[in-house]
Every structure is written in C-alpha cells, then in structure tokens.
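Examination of the molecular architecture
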Amino acid sequence: MPVLTYREAIRAALSEEIERDPNVVIMGEEVAQFNGAYKVTEGMLEKYGPKRIVDTPISEAGFIGMGIGASMLGIRPVMELMFWSFYSVAFDQIVNNAANVRYMSGGQIACPIVIRGPANGGTNVGATHSHTVENILAHHPGLKVVVPSNAADAKALMKTAIRDNDPVMFLENTILYGEKGEVPEGDITLPFGRAAIARTGKDLTIVTYGRCVLHSLAAAETLRASKGFDIEIIDLRTIRPLDVDTILRSVAKTHRLLIVEEQRPYCSIGSHIAAIVQEEAFDELDAPILRVGTIDAPSIYSPPVEKQQIPNVDRVIAGILRLL
C-alpha cells in the first residue's frame, strides 16, 4: 500500500476523477500556473491542460457563483478557496443558492459542486485567515460538510464528494498537508455519514475530527502509558451528515464523553453533539459532557500564544483527567 501525504492523497483523488469523468474540472485561485497555493494541484495543469485546470480571478463571489451555475448545467467543478475564511464574500452563492437549488426546483436541478481548501488555525496568519466554518456551513440544509483527518480518508472522501449530486464543502487543514499515511490503491470511496473508530476503549469516549484526531490519539496513548486509561476515539470524518449512532453506541459503552474540536465553544459542532447526547443518552452518562476547543477570541497572531488558543495534546489530556 503506497504511503502518501495528505496533500498527495487529495491530488490523487482529483487526478483520478478528472480521468474518469470528462465533466470534472478544477477551478480556483492559482490552481493552474502556480500549482495551487498549497501545491495540492501541482503538475495538474501540465497533465490535463487549461480547460480542466482553470485559474480564476481573485473574486470568490464571482468564481464560486460561476462554479455553481456550471454545476447546475452538468459540469462537476471542484473549486479551491485559498482559505475557507474567504467563503464569506460568497455566502449568498453557497448557502442561499447552492444549498437550496435542489429544493427550490422541486428536485429538478442538482448542484454537484465541491468547494475545498484549508480551514484551520495554528499557522499564525491572523484572525482574518484562520476561520473554522464547518458549523456555519452545516447549519444550512442542502450542504454536506467533510473534514478528513488523514490521507486515506482525504482521498476516499474527495472521490465521494466529486461524485455526489449535492454541494459538498470539503475542509482541509494546512498543517495536515505534509502528514503521511498509507492510502489504498484503486477506486476507493467512503460513504458520507459514517464515522471511524480511530481507537477502541472502554473508559471514556472522545468525539473529534480533523487535526484534533491526532491530538486526541497522542493524548490517549500518553495516558494509557502513564495511568492505564483506555480511551475510545471517534473520528467523525463528516459533519453533515453526522454519524449519531456511532457516537451513542460509544457513550453507552464508556459512559463519559469529551468532545475535541478546533471550533470556538459558542454555537460549535461540539455544542450540537453535546445536545444530541444529552437528549438521546442522558441516562448513560456518569459525568458531565466536557469540551476542548479553541479559546473564544479572534485567532491570535503570536505563534506561542496561538498554540495555546487552539486544542493541543496537553489541553486534551487535561480534559480527560477532569472526567477520569
């Protein structure tokens, strides 16, 4: 099984889908001649040409709107945002048009668009370039929201996203781009709405996704070695649809829940999950639900301070110890 970086895995998915389907096209800021702001599309212009790999003006409202219109006419565009922070200037196009066109047309018009790019803090680029917007996107019926934590999932979920007939918001983490992992060969996809058990355990459940999966795994191993704690970790993989059944089964087994996310606590994904578990599995809980997230302030530019603002291994360990 080949070992690829997260970046290479996404590129492999894009390449395979371009070769499989003549309607797939990549568009976005600097995706072609510059090989992508984070080099995800490196070499693809030379291989597939300017009709399949298309540089757009730096106008998210314009090119996201163009991609949505193209998708309604049968093209399957994959649109790259340099940062998901810039989605807000295309808010109307994404959440008012793409999310609602199937419903508003009575099912007659699909919108098979993928919008992808980095959404994370931790890279010291300040408050205007560090948003995690999965909660805002997932709030809108009609949008599917994907946040993979590893290379294998990133490839498989990207292929699923491109083939989906609804708009898929694909959120990546720039710090994960260089992370390596084994990636199955062949035409491998993953269904949306099916979480992974990243680690089995019996003492406590951590529900997490994206880069926070890595922090959670490291914290669990540290506490297994030092205290013998047996921590179960659920990697959500997709935020909408959400695999509620896997969460509830794990809580019924461990009776404790820690939610780890890079979201700020106010109206976060973790808030939603905590409400579901309280409503559906209250009697299974032996302790309050706790959350570890980003400290509620604009993203801090200072590298040492931002490391403490977003979740890290030490903060996850502290959360586990509060529950155990």
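Before going into details, it helps to say that this report is about the structure given with it. Everything numeric here is computed off the predicted structure, so don't read it as measured data.

Definitions and cut-offs
- Residues numbered from 1 in each chain as written.
- Predicted model: local features only at pLDDT ≥ 70, side-chain atom pairs only at ≥ 80, totals over all residues.
- Heavy atoms only, no water.
- Helix = DSSP H or I, 4+ residues; strand = E, 2+ residues; numbered from the N terminus.
- Rg over C-alpha atoms; globule rule 2.2 N^0.38 Å.
- Buried < 20%, exposed > 50% of the residue type's maximum accessible area, 1.4 Å probe, protein only.
- Contact = heavy atoms within 4.5 Å.
- Lys, Arg positive; Asp, Glu negative; His and termini not counted.
- Charge placed at Lys NZ, Arg CZ, Asp CG, Glu CD.
- Expected span 1.5 Å × (residues − 1).
- Arc of directions from axis to C-beta.
- Pairing = 2+ DSSP bridges.
- Axes fitted to C-alpha atoms, helices over the stretch in contact; angles between N-to-C directions.
- Phe/Tyr/Trp six-rings, centres within 6.5 Å; stacked < 30°, edge-to-face > 60°.

A word on the overall build of the chain. Broken down by element type, the chain carries 12 helices and 14 strands. For the chain, whose C-alpha radius of gyration is 19 Å, the value lies close to the compact-globule estimate of 20 Å for 324 residues. Projecting the C-alpha coordinates of the chain onto the three principal axes gives extents of approximately 55 × 40 × 40 Å. Counting all 324 residues of the chain, 55% fall into the buried class. Considering only intrachain contacts with a sequence separation of at least 6, the fraction spanning at least 24 residues in the chain is 81%. Within the chain, the 39 negative side-chain charges are centred at a point lying 2 Å from the centre of the 31 positive side-chain charges.

This brings us to helix α8 (residues 212-227). In a regular helix each residue adds 1.5 Å, so 16 residues correspond to 22 Å; α8 covers 22 Å between its end C-alpha atoms and thus fits that length. Considered for burial, the residues of α8 that qualify are C212, V213, H215, S216, A219, A220 and L223. Projected down its long axis, α8 carries its buried residues within an arc of 155°, all on one side. Looking one or two residues beyond α8, the residue adopting positive phi is G228, at roughly 80°.

Moving on to the sheet that holds strand β4 (residues 76-80). Taken in spatial order, the seven strands of this open sheet run β3-β2-β4-β5-β7-β6-β12, and their pairing is mixed. This sheet does not close on itself; its edge strands, each paired only once, are β3 (53-55) and β12 (238-240). Averaged over all adjacent pairs, the angle separating strand axes in this sheet is 20°, with direction ignored. Two strands pair when backbone bridges link them, and strand β5 (residues 114-118) and strand β7 (residues 168-172) are joined in this way by five bridges, in the parallel orientation. Note that in β7 the partner of V114 across the bridge is V168. Where helix α3 (residues 60-72) meets the sheet, its contacts fall on β2 (24-28), β4 and β5, and the angle it forms with β4 comes to roughly 165°.

One pass over the full model with this rule turns up six aromatic pairs. Between the aromatic rings of Y38 and Y177, the centroid separation amounts to 5.6 Å while the plane-to-plane angle is 35°, which identifies the pairing as tilted. Of this pair, Y38 sits in the loop between β2 and α2 (44-48) while Y177 sits in the loop between β7 and β8 (180-182); the two residues are 139 residues apart in sequence, bridging distant segments of the chain. Given a relative accessible area of 23%, Y38 falls into the partly exposed group. Taking the relative accessible area as the measure of exposure, Y177 reaches 1% and is therefore buried. Summarising the aromatic geometry, the rings of F83 and F86 are spaced 5.5 Å apart at their centres and angled 70° between planes, so their arrangement reads as edge-to-face. The exposure class assigned to F86 is partly exposed, which follows from its relative accessible area of 22%. Among the aromatic residues, those joined into a ring-pair cluster are Y6, Y38, F83, F86 and Y177.

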